[in-house]
Every structure is written in structure tokens, then in C-alpha cells.
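Next come the chains, spelled out residue by residue.
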Number of protein chains: 2
Amino acid sequence: MTPSAQIERTLSPEAFLAAEVSDFLQAMGIVTVHLQASPGAGKTCLIMRTIENLGSQLRMAAIQGTLSRQPGPSPLEALDVPTVRVNTRGQSYLDAGMLRESLEQLPLADIDLLLIEEIGTLTCLPEHVLREKLRVVITSLPEGEDCPSRYPEPFAHADAIVLNKLDLLPHLGFDRRRFHQAVRQVNANAPILELSCRTGEGLEAWCHWLMERLELVV
Amino acid sequence: MTPSAQIERTLSPEAFLAAEVSDFLQAMGIVTVHLQASPGAGKTCLIMRTIENLGSQLRMAAIQGTLSRQPGPSPLEALDVPTVRVNTRGQSYLDAGMLRESLEQLPLADIDLLLIEEIGTLTCLPEHVLREKLRVVITSLPEGEDCPSRYPEPFAHADAIVLNKLDLLPHLGFDRRRFHQAVRQVNANAPILELSCRTGEGLEAWCHWLMERLELVV
């Protein structure tokens, strides 16, 4: 693992390690997608639906951050996808050291797409902590349409913004236009993908976006 | 402000400041309640309902942590309650220094109860960061019944656990018994208060608990 000479000179030890791991993954042909969201917004669900929908086209694996004291088996294991759970020991984000250790437990030669599920939080992450290829933020209707204004940093740096739990729309006073406006105040370009992991509505557009970004759509 | 000599010797500068602020508030007769929850779980709503329900019996004020780049007026201002918003500048929790600065903007002689709204997160807070009198964790039905297992630390240290958005029960597959079990695995004693800030259901029990803990219930 040797990070590009251009950035080598100016990085902190943490950022240097992140660059090293990122370069290694790129050399292996593995694309990383980092998913950040509040607790309960649907990170694991979206990963499961992604595996169900794209499992025949992509070889996937997952790394899941957890704060749980006794994590049981991951729901992802039922989908026969290589999965590593990482207890961050109280730290509120995954770092490159944890990522590197997790990689040792994965069949790297057989992976196209590595889904990295962050600890549930919308607070800031340290800059360039993982140097992932794609950043996705998931929020959900119960969190309110002003969530992007109240927790701007993850939204500002996202490549795509997923709005989950669309099936709850009839039961919540959620103003989609206000949500879009709140997103656009911090992020001018990232697509906003509205969906429901529960009903499957909108999942096709999410999968299409993902495949397109992976440059696999013809 | 002079913290008790007993703890003075062993504390870090941060913990020393927290003890100092805590002692000062106690001397002023002000009780602090610290509310921690995920984004959108209902911290601000619960504070509003508390003010509406107990405003005639208690003189209240609020400090609200925010990560918002341009926070508009707080919804609490409409309730004519002294409120200070604190931008933590990316830090994912309020610290004693921020609390001390906020106090300078509040009419301390006219406050019985100070409600401190944390940044929206269920990740660990540094130990004794605020030395508040009461800690309350709010979670909500959309976050799932296993939330206390996945984010155990706030639940483990809470004096009360509020389960909000009870009005969504008919629309979500939420198992209350599993939720209670998950809470009890990390916290044996704290009361679990189920309520809906939207409909008002369960608010009476919350207010009763709060008044009782404030030793104001006859």
C-alpha cells in the first residue's frame, strides 16, 4: 500500500492511513460506499435491499459499525454476504484503522462493492476519515423535513441523499418540497432519492444511481 | 464557583469545569435536565410540551445545542421561555464551557428548571461532561425496538427513558415488549415513559415523573 506521492507530504498519520487503505482498495478494484444516517433511519435495511436487488450483478460485502455491547448475528448474514461487524468502543465513527483490520476478514479478490455502514449519527465525521469512493446520507420522514438544516455537514458532503420511509407519508405531516429546499441549501447537486425500504417503492432509482456511479450501466 | 474539595483533586480540567458549573447551578437552586436523542426523535417537542404543561408551576429556561449553520429563531421563543442556542462548531456534544457561556445569557435568579437539549445523537458522551442533575434519553418508534441494544450507553446512564411518537404505533411493526426488554438489559431501574408529543398521550406521566424528581410533588 503506497498512497499517491502528491498527498503523502501533507497528511496527518490518520489521513495518511486512510489514503493508504483507499489506494489499496482501488488497486483491488473494490468500490466503497459509505452510508451515514441517524439511528433507525434504515442503513441496514437499505444495504439488504441493495443486496437483494443487485446481488446477481455485483459481488458485495459489508462492514458495519456498531456500539452494541453484545451484537447478535447481523441480518446481512442471512443474505450470504461477507460481513464484518466493528465495535468502535465508544468512538462515534469508523476510522481507517478499523477499516484496514476489517479488510483482513473479507475475501477481497471476490468483491466489487464494499458497503460501509457507519455508526448511527448525523454529526460531523473527521475530514477524509475513510476516503470512501461514494458517500450516501440516509434520512427518513420521521426525522423531519428540516433535518438537512439541523445537521448540515453529512448532507453537504454527500454524493447522494436517500429519503427513506416514504410509506409513512400519509401518517406524518412531512413537506417534501421543504425537505428538497433544505437539502439544496447545503448541497446543490446530489440526487435526492425518495424510497421505502419497506414497500420497495423507489428502490429501482437508487439501484440505477448506484450502478451508474459504478460505471456499470451500459 | 468552587467545586467540592473531595473531587477537586482527581479531575481533568474539563471535568473540573463541569463540577464548578454544576456546583454553581446547585447553589442557585437550578435543576438541570439533559435531554439526549437521535435527530428528529422529539427533543424540542418534548421541551415545548413540558413548558406548556408545567409553565404555571415552574420557571423554566432552555439551552439548545445545534449544528445548524444558520439557526433561525427557536420554536421555544414562541413560548416566552428564556432560550440560548449554542452552535457546537462541529463538536457532537455540549460541554461545560458552552454551558457556562450560555448561563451568562439567562436570568438565573428566575429559573427553577434548566432544560438542556443535546445535539441529536445517541453516541457516547464523555463521562461527566455536564454533571447534570437528571439525564433523559428520548427515542421514538421509528428508531426500532432494538435501539437501546444498538446504542446502549445513553440508555444505561439515563434517569428516565422516553419513548415518543406512540401515535405511529398502528403504522409501524413496533414490539413494545421487545423494547422494554432491550432497555432492561442495559438499565434495570429507569422508568420507561411512553408518550406522543403530537397527541399529548402519556404527557401527564412524564410531567408527574419530572415534578416528583424535582421534589415538588406533595
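Procedures and definitions
Residues numbered from 1 in each chain as written. Chains lettered and ligands numbered in written order. Predicted model: local features only at pLDDT ≥ 70, side-chain atom pairs only at ≥ 80, totals over all residues. Heavy atoms only, no water. Helix = DSSP H or I, 4+ residues; strand = E, 2+ residues; numbered from the N terminus. Rg over C-alpha atoms; globule rule 2.2 N^0.38 Å. Buried < 20%, exposed > 50% of the residue type's maximum accessible area, 1.4 Å probe, protein only. Contact = heavy atoms within 4.5 Å. Arc of directions from axis to C-beta. Polar contact = N/O pair within 3.5 Å; in protein donor to acceptor, adjacent residues only side chain to side chain. Core = buried A, V, L, I, M, F, W, Y, C linked by side-chain atoms within 4.5 Å. Salt bridge = Lys/Arg side-chain N within 4 Å of Asp/Glu carboxyl O. Buried area = accessible area lost by both parts, 1.4 Å probe. Nonpolar A, V, L, I, M, F, W, Y, C, P; charged D, E, K, R; others polar. Lys, Arg positive; Asp, Glu negative; His and termini not counted. Pairing = 2+ DSSP bridges. Axes fitted to C-alpha atoms, helices over the stretch in contact; angles between N-to-C directions. Least-squares fit on C-alpha atoms with pLDDT ≥ 70 in both. pLDDT = per-residue confidence, 0-100.

Counting its secondary structure elements, chain A contains 8 helices and 7 strands. The globule rule puts the C-alpha radius of gyration for 218 residues at 17 Å, and the 17 Å found for chain A is close to it. The C-alpha extent of chain A, read off along each of the three principal axes, is 50 × 45 × 40 Å. Relative to its full complement of 218 residues, chain A shows a buried share of 53%. Across chain A, the fraction of contacts at a sequence separation of at least 24, relative to all contacts at a separation of at least 6, is 69%.

Time to look at helix α4 (residues 96–103) of chain A. All names here are of chain A. Buried residues of α4: Ala96, Met98, Leu99, Ser102 and Leu103, and no others. Here the buried residues of α4 occupy an arc of 160° about the axis, which is enough to place them on one side. Along its buried surface, α4 packs onto α2 (13–27), β2 (60–66), β3 (83–87) and β4 (113–117). Taking the backbone nitrogen of Gly97 as reference, a side-chain oxygen 3.1 Å away marks Asp95 as the first, capping residue of α4.

Core analysis: the largest hydrophobic core is formed by 40 residues, its most contacted members being Phe155, Ile161 and Phe179 of chain A together with Phe155, Ile161 and Phe179 of chain B. For this core, the secondary-structure elements that each account for two or more residues are β6 (160–164) and α7 (176–186) of chain A together with β6 (160–164) and α7 (176–186) of chain B. Sequence-distant contacts of Phe155 of chain A, defined by excluding residues within four places in its chain, comprise Leu122, Val137, Thr139, Cys147, Pro148, Ile161, Val186 and Asn187 of chain A.

This part is about the pattern of salt bridges. Residue and element names in this part refer to chain B. The final tally for this structure, using the stated rule, is 16 salt bridges over all chains. Across the salt bridge formed by Arg59 and Asp110, the nearest N and O atoms sit 3.9 Å from each other. One end of the pair, Arg59, is in the loop between α3 (43–54) and β2 (60–66); the other, Asp110, is in the loop between α4 (96–103) and β4 (113–117), with 51 residues separating them in the sequence. A residue is classified by how much of its surface remains accessible, and Arg59, at 41% relative accessible area, is partly exposed. Under the relative-accessibility criterion, Asp110 is labelled partly exposed at 46%. Linking Asp167 and Arg198 is a salt bridge whose minimum nitrogen-to-oxygen distance equals 3.3 Å. With Asp167 in the loop between β6 and α7 and Arg198 in the loop between β7 (192–194) and α8 (203–213), the pair connects residues that are 31 residues apart, well separated along the chain.

Our next topic: the interface of chain B and chain A. Counting residues at the interface gives 30 residues for chain B, matched by 30 residues for chain A. Of the roughly 2,500 Å² buried between chain B and chain A, counting both surfaces, carbon and sulfur atoms make up 55%. Linking chain B with chain A are 2 salt bridges. Close ionic contact of Glu153 of chain B with Arg69 of chain A constitutes a salt bridge, the shortest N to O distance being 3.2 Å. Summed over the shared surface of chain B and chain A, the result is 11 residue pairs in polar contact (both at pLDDT 80 or more). The set of elements that each furnish at least two residues to the side of chain B that touches chain A consists of α5 (147–150) and α6 (152–156) of chain B. When residues of the side of chain B that touches chain A are assigned to their parent elements, the largest contribution, 3 residues, is made by α6 of chain B. When its residues are assigned to classes, the side of chain B that touches chain A shows 12 nonpolar, 11 polar and 7 charged.

Examined against the element boundaries, Lys165 of chain B turns out to sit in the loop between β6 and α7. Comment: no salt bridge for buried Lys165 of chain B; closest opposite-charge side chain is Glu143 of chain B, at 6.2 Å. Non-local contacts of Lys165 of chain B, meaning those with residues more than four positions away in its chain, are made with Pro142 of chain A together with Gly40, Ala41, Ser140, Leu141, Pro142, Leu195 and Ser196 of chain B.

Now for the pairing of β4 of chain B. All names here are of chain B. Of all the 5 residues making up β4, 5 are buried; the element is thus mostly covered by neighbouring parts of the structure. Both strand β1 (residues 31–37) and β4 contribute to a ladder of 5 bridges, which runs parallel. Note on β4: the bridge partner recorded for His34 is Ile116.

We now examine the sheet that holds β6 of chain A. Residue and element names in this part refer to chain A. Strands sit in the order β3-β2-β4-β1-β5-β6-β7 across an open sheet of 7 strands; the sheet is parallel. Only two strands of the sheet have a single neighbouring strand rather than two, namely β3 and β7 (192–194). Strand after strand, the sheet turns through a mean of 20° between neighbouring axes, direction not considered. Against the sheet, α7 touches β5 (134–140), β6 and β7, its axis set at about 150° to β7.

Residues and elements named next belong to chain B. Pairing in this open sheet of 7 strands is parallel, and the strands run β3-β2-β4-β1-β5-β6-β7 from one edge to the other. The strands lining the two open edges of the sheet, one partner per strand, are β3 (83–87) and β7. With direction set aside, neighbouring strand axes in the sheet form an average angle of 20°. Across the sheet, α7 is in contact with β5 (134–140), β6 and β7; its angle to β7 comes to roughly 150°.

So, on to the relation of the copies chain B and chain A. Note on the identical chains: chain B maps onto chain A by a rotation of 180° and an axial translation of 0.0 Å, with an RMSD of 0.0 Å. Within this description, the copies of the chain are treated as partners about a two-fold rotation axis. A shared binding surface is used by both copies, with 100% of the interface residues of chain B retained as interface residues in chain A.

Moving on to the pairing of β1 of chain B. Residue and element names in this part refer to chain B. Of all 7 residues in β1, 7 are buried; the element is thus mostly enclosed. Both faces of β1 are covered, namely the face carrying Val31, Val33, Leu35 and Ala37 and the face carrying Thr32, His34 and Gln36. The pairing of β1 with β5 spans 5 bridges and is parallel. Within the sheet, the bridge partner assigned to Leu35 lies in β5 and is Val136.

When pLDDT is averaged along chain A, the result is 92, and 94% of the positions lie at 70 or above. Per the prediction output, this complex has pTM 0.91; the corresponding ipTM is 0.88.

It is worth spelling out unusual backbone geometry at this point. Residue and element names in this part refer to chain A. Here Asp80, not a glycine, exhibits a phi torsion of approximately 60°, which is positive. Tracing the chain through its elements places Asp80 in the loop between β2 and β3. Phi at Lys165 is positive, roughly 65°, even though this residue is not glycine.

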